[in-house]
Amino acid sequence: MKRTLRPVEMLLSTLILWLGPAADALARAGGGGGGGGGGGGVGSYSSSGGGGMDGTVLVVILLIGLLLAVISLLMHWSREQDKSVQAQKARARYAERFPDVPLEDLLPRMEELFLSVQKAWSDAGMAPVRRWLSDGVYQRFTVQLRMMRQVGATNHLSQIRVLDMAPVAFTVSGRYALLRIEFSCMMVDEMRCRTIPAFSYNDPSTFREYWTFLCATDAQGKLDLTADACPSCGAPLPSSIGEVCRCESCGNLLNTGAFGWVLTEISQNDRDEGRDKGSAKVGGLADQIRRLQQEDPDFLPAQLEDRASNILMQLQWARTTGAPGVLARFTEPQLLKRLEEEIDDRVYFFRLYTESVRLMELLETKTGEIEAAVSVTYNYLRFQKQGKGEWDALEPNVLQRQRFFVFRRRKGVKTGSKSVYALVCPACGGPLGDTVDPSCQYCGVSFTSGEHDWRLVDILSEHQIHVYQARISGKNKILTTGGADSADLGSVSEIAFRNSLAVMGCDGIFNDAERAYTMKLAKQWKIPQDHVEEWIGLALRRRLPVTFPARDHLRKRVVALMYEAAMADGVISPEEQAFLDSLISSSADQDAGAGEP
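Predicted, not measured: the structure shown is a model, and the values here were computed from it.

1. Brief notes about the overall build of the protein
Step number 1: When you go through the protein residue by residue, the secondary structure sums to 13 helices and 9 strands.
Step number 2: Here the protein holds 597 residues, and the buried ones make up 55% of them.
Step number 3: Partitioning the intrachain contacts of the protein with sequence separation of at least 6 by distance along the chain shows that 74% fall at a separation of at least 24.
Step number 4: Of the roughly 24800 Å² of accessible surface on the protein, a fraction of 54% belongs to carbon and sulfur atoms.

2. Examining the pattern of salt bridges
Step number 1: In total, this model carries 21 salt bridges according to the counting rule given.
Step number 2: A salt bridge links E295 to K411, with the nearest nitrogen and oxygen atoms 3.0 Å apart. Of this pair, E295 sits in helix α5 (residues 285–295) while K411 sits in the loop between β8 (399–410) and β9 (455–460); the two residues are 116 residues apart in sequence, bridging distant segments of the chain.
Step number 3: Exposure remark for K411: the relative accessible area of 41% places this residue in the partly exposed category.
Step number 4: Bridged by salt links that share partners, the residues E332, E369, E371, R408 and R455 form one connected network.

3. Digging into the nonpolar core
Step number 1: Ranked by internal contacts, the top residues of the largest apolar core, which has 75 residues, are F405, F407 and L501.
Step number 2: Considering each element in turn, this core owes the most residues, 8 residues, to helix α6 (residues 301–321).
Step number 3: Those residues in contact with L501, other than ones at most four positions away along the chain, are F510, T518, V532, W535, I536, A539 and L544.
Step number 4: Grouped together as the second largest cluster of nonpolar side chains are 63 residues, M165, L214, W261 and A302 included.

4. Brief notes about the environment of T206
Step number 1: Tracing the chain through its elements places T206 in strand β3 (residues 201–216).
Step number 2: Residue T206 is classed as buried on the basis of its relative accessible area of 18%.
Step number 3: Along the primary structure T206 and D189 are separated by 17 residues, whereas in three dimensions their C-alpha atoms are 9.7 Å apart.

5. With respect to α6
Step number 1: With 21 residues, α6 should reach 30 Å at 1.5 Å per residue; the first-to-last C-alpha distance of 30 Å fits that figure.
Step number 2: Of all 21 residues in α6, 20 are buried; the element is thus mostly enclosed.
Step number 3: Residue G322 follows α6 closely and has a positive phi angle near 70°.

6. A closer look at the pairing of β3
For a regular strand, the rule is simple: side chains alternate between the two faces of the sheet.
Step number 1: By the criterion of burial, β3 is predominantly enclosed, with 13 of the 16 residues buried.
Step number 2: When strand β2 (residues 176–193) meets β3, the two strands line up antiparallel, connected through 16 bridges. Among the inter-strand pairings, M191 is bridged to a residue of β3, identified as Y201.
Step number 3: Alignment of β3 against strand β4 (residues 262–267), held across 5 bridges, turns out to be antiparallel. Note that in β4 the partner of F213 across the bridge is L263.

7. A closer look at the packing of helix α9 (residues 492–505) against helix α10 (residues 512–525)
Any two packed helices are characterised by how steeply their axes cross, that is the angle between the axes, and by the distance between the axes.
Step number 1: With their axes 11 Å apart at the nearest point, α9 and α10 run at an angle of 175° to one another. Taken together, α9 and α10 sit at an angle that is classed as roughly antiparallel. Facing α9, whose interface residues are S493, A496, F497, L501 and M504, α10 presents E514, Y517, T518, L521, A522 and W525.
Step number 2: Looking at the contact of α9 with α10 residue by residue, the classes come out as 8 nonpolar, 2 polar and 1 charged.

8. A closer look at the side chain of T217
Step number 1: You can see T217 is positioned in the loop between β3 and β4.
Step number 2: When its relative accessible area of 17% is taken as the criterion, T217 is described as buried.
Step number 3: Those residues in contact with T217 that lie beyond four places of it in its chain are R97, F98, V172, R175, Y176 and A177.

9. Concerning the packing of aromatic side chains
Step number 1: Enumeration according to the criterion identifies 15 aromatic pairs in this entry.
Step number 2: On the basis of an interplanar angle of 80° and a centroid distance of 5.7 Å, the ring pair of F98 and W261 is categorised as edge-to-face. With F98 in the loop between α2 (55–97) and α3 (103–122) and W261 in the loop between β3 and β4, the pair connects residues that are 163 residues apart, well separated along the chain. For the pair F98 and W261, a shared accessibility class is recorded, and that class is buried.
Step number 3: Of note, R498 hangs over the ring of W535, and the distance from its end group to the ring centre comes to 5.0 Å.

10. Thoughts on the sheet that holds β4
Step number 1: Read across the open sheet, the 4 strands follow the order β1-β2-β3-β4; overall the sheet is antiparallel. On the outer flanks of this sheet lie β1 (153–173) and β4, each paired with one strand and no other. Across this sheet, the average inter-strand angle for adjacent strands is 25°, counted without regard to direction.
Step number 2: Against the sheet, α3 touches β1, β2 and β3, its axis set at about 145° to β1.

11. A few points about the state of the cysteines
Step number 1: For the coordinates displayed, the defined rule picks out 0 disulfides.
Step number 2: As a non-bridged cysteine, C233 has C247 as the owner of its nearest cysteine sulfur, 3.8 Å distant.
Step number 3: The class for C233 is partly exposed, based on a relative accessible area of 40%.
Step number 4: Sulfur of C250: no disulfide; nearest cysteine sulfur belongs to C230 and is 3.7 Å away.

12. Here we look at the environment of M519
Step number 1: With respect to the helices and strands, M519 occurs in helix α10.
Step number 2: Separated by 10 residues in the primary sequence, M519 and Q529 place their C-alpha atoms 8.7 Å from one another.
Step number 3: M519 has contacts with Q529, V532 and E533, leaving out every residue within four places of it along the chain.

13. Description of the packing of α9 against helix α12 (residues 552–566)
Step number 1: Close contact between α9 and α12 brings their axes to 9 Å; oriented N to C, the two are set at 35°. As for how α9 packs across α12, the hand of that crossing is right-handed. Residues V492, I495, A496, N499, S500, V503 and M504 of α9 form the contact with α12, whose own contacting residues are L554, V558, L561, M562, A565 and A566.
Step number 2: Residues of the contact of α9 with α12, tallied by class, amount to 11 nonpolar, 2 polar and no charged.

14. Structural notes on the environment of L580
Step number 1: One can find L580 in helix α13 (residues 574–591).
Step number 2: Residue L580 is classed as buried on the basis of its relative accessible area of 0%.
Step number 3: Along the primary structure L580 and M562 are separated by 18 residues, whereas in three dimensions their C-alpha atoms are 8.0 Å apart.
Step number 4: Sequence-distant contacts of L580, defined by excluding residues within four places in its chain, comprise V503, M562, Y563 and A566.

Cut-offs used in this document
Residues numbered from 1 in each chain as written. Predicted model: local features only at pLDDT ≥ 70, side-chain atom pairs only at ≥ 80, totals over all residues. Heavy atoms only, no water. Helix = DSSP H or I, 4+ residues; strand = E, 2+ residues; numbered from the N terminus. Buried < 20%, exposed > 50% of the residue type's maximum accessible area, 1.4 Å probe, protein only. Contact = heavy atoms within 4.5 Å. Areas by Shrake-Rupley, 256 points an atom, 1.4 Å probe, with all protein chains shown as cover. Salt bridge = Lys/Arg side-chain N within 4 Å of Asp/Glu carboxyl O. Core = buried A, V, L, I, M, F, W, Y, C linked by side-chain atoms within 4.5 Å. Expected span 1.5 Å × (residues − 1). Pairing = 2+ DSSP bridges. Axes fitted to C-alpha atoms, helices over the stretch in contact; angles between N-to-C directions. Parallel < 35°, antiparallel > 145°, perpendicular 65-115°, else oblique. Nonpolar A, V, L, I, M, F, W, Y, C, P; charged D, E, K, R; others polar. Phe/Tyr/Trp six-rings, centres within 6.5 Å; stacked < 30°, edge-to-face > 60°. Lys NZ or Arg CZ within 6 Å of the ring centre and 35° of its normal. Disulfide = S-S within 2.5 Å. Left-handed = near helix turned anticlockwise from the far one by under 90°.

Written out as structure tokens, the structure reads:
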């Protein structure tokens with residue numbers, strides 16, 4: 001399915017975005033933030049001059065706006081051409097693998113599922129779409145909704161419209177196929193926050209997201225959103241399925257991809273499209289995955305990534321509740337003890353969502369285990385409860401962090417549909433219920449032995465990953481992905497640019513001097529104009545995520561640039577100074593291990 005606007009319509013829509021702000025969603029199903037909305041331009045900053053505006057000045061401003069709109073349109077057209085090539089390749093690969101289910105028949109069903117997921121999120125209950133969500137995606141949604149309830153927040157979505165959707169990638173790994181769809185959408189996003197009303201908003205939102213669906217190749221690419229019977233045994237299914245997505249009659253798990261497409265990832269950017277680039281190189285990621293699949297044909301990076309993002313949510317939920325026992329099922333005892341010691345002050349997450357998740361490292365340990373490191377980049381904003389029902393925000397803005405989750409399992413273990421992450425015993429398939437016991441109550445198997453499933457053995461920060469990569473650089477290493485500064489964070493110049501915009505926009509004003517400084521940097525660092533306008537719109541609403549490079553010397557350069565940006569108009573406003581002080585202090589605390597989010 002491909003909806004293409006006529007050139008005149010694209011020009012007008014681009015001009016509207018330039019002349020009037022359109023906020024990108026910070027919430028919605030999947031998290032939000034960082035993809036495709038924006039605003040800025042004439043309607044999003046104030047002039048530093050005083051008095052009225054004569055007709056000549058107004059005409060000049062309109063002409064500048066029109067020129068920039070045309071430039072943005074041309075850049076949009078160039079990207080559309082690239083997307084068209086990607087879509088053609090994805091369609092051809094899909095048709096070769098699933099000739100009996102045309103993609104044109106499948107895409108409307110995926111759009112229907114997309115809309116159903118948004119409705120379920122808005123209704124604060126994911127049960128109606130549980131069957132079509134992987135365990136990791138379901139847990140991420142569920143934990144986010146729990147966190148929002150704790151801080152008195154609700155997120156109502158309305159007037160949802162899919163403007164465009166197109167396949168951007170289709171790959172086959174082992175017995176599984178992955179189909180990645182780009183959704184371009186608009187909606188009205190209303191966030192109400194009872195505890196800190198200043199964080200409430202009601203905005204029109206345009207955004208772009210990438211949804212990845214997984215399906216076993218022998219399932220023939222099915223996606224039936226109306227079936228009320230088990231696809232395995234034919235027994236009737238309830239209208240909504242619980243946390244464990246299984247048929248009560250035959251015991252089969254229904255959301256593994258074995259019976260049709262399931263949603264396994266939501267990303268706010270397309271920067272991991274190059275996952276398989278360079279796969280022909282000996283030692284490349286795709287090559288190492290194939291080597292592992294020779295002994296474990298069902299191993300799929302997307303499933304391990306799904307588990308890592310699930311663990312992130314469970315870990316932060318443990319920080320909120322002060323009860324890390326929920327991690328005992330899949331966490332090595334030594335790591336669990338460390339986490340119990342770290343989790344002391346209870347914090348509440350107003351926003352928490354993953355930006356990207358990616359398998360980074362594979363190696364074979366000297367003890368005969370397979371080790372995998374998965375990078376998770378996420379955005380967050382935390383609250384803390386004070387006395388007498390008062391709440392404080394711990395961050396002045398949405399911040400971005402990266403963590404590396406290190407997993408191990410015994411060499412020779414085969415991937416199966418039964419997993420502790422799906423709340424079933426990986427050995428006997430028994431349901432786990434609400435217990436936090438790290439062993440099965442039916443067969444006695446230890447979940448953290450590594451003999452049946454992946455266990456979590458370590459969690460590393462951006463700085464600790466340097467030590468980790470140095471340690472594994474010996475002969476036992478079978479994969480390297482380059483430097484520790486993950487490409488998922490963007491270049492250092494992009495980080496500096498976004499952080500600078502966040503500082504300049506934190507006071508809700510973007511004046512002429514700040515705009516001139518911004519355009520100078522954008523030209524110097526070759527930042528696309530449409531990104532500039534999108535990020536200015538987010539910065540003005542304090543929704544542009546702020547992050548820092550892992551290496552200390554680069555961090556210092558970025559901080560210096562942030563102060564330079566604050567001085568772009570000749571003075572650092574009190575709001576900008578407070579914003580800088582809070583960010584730098586928060587970053588320093590995290591480097592020291594305090595207040596780790």
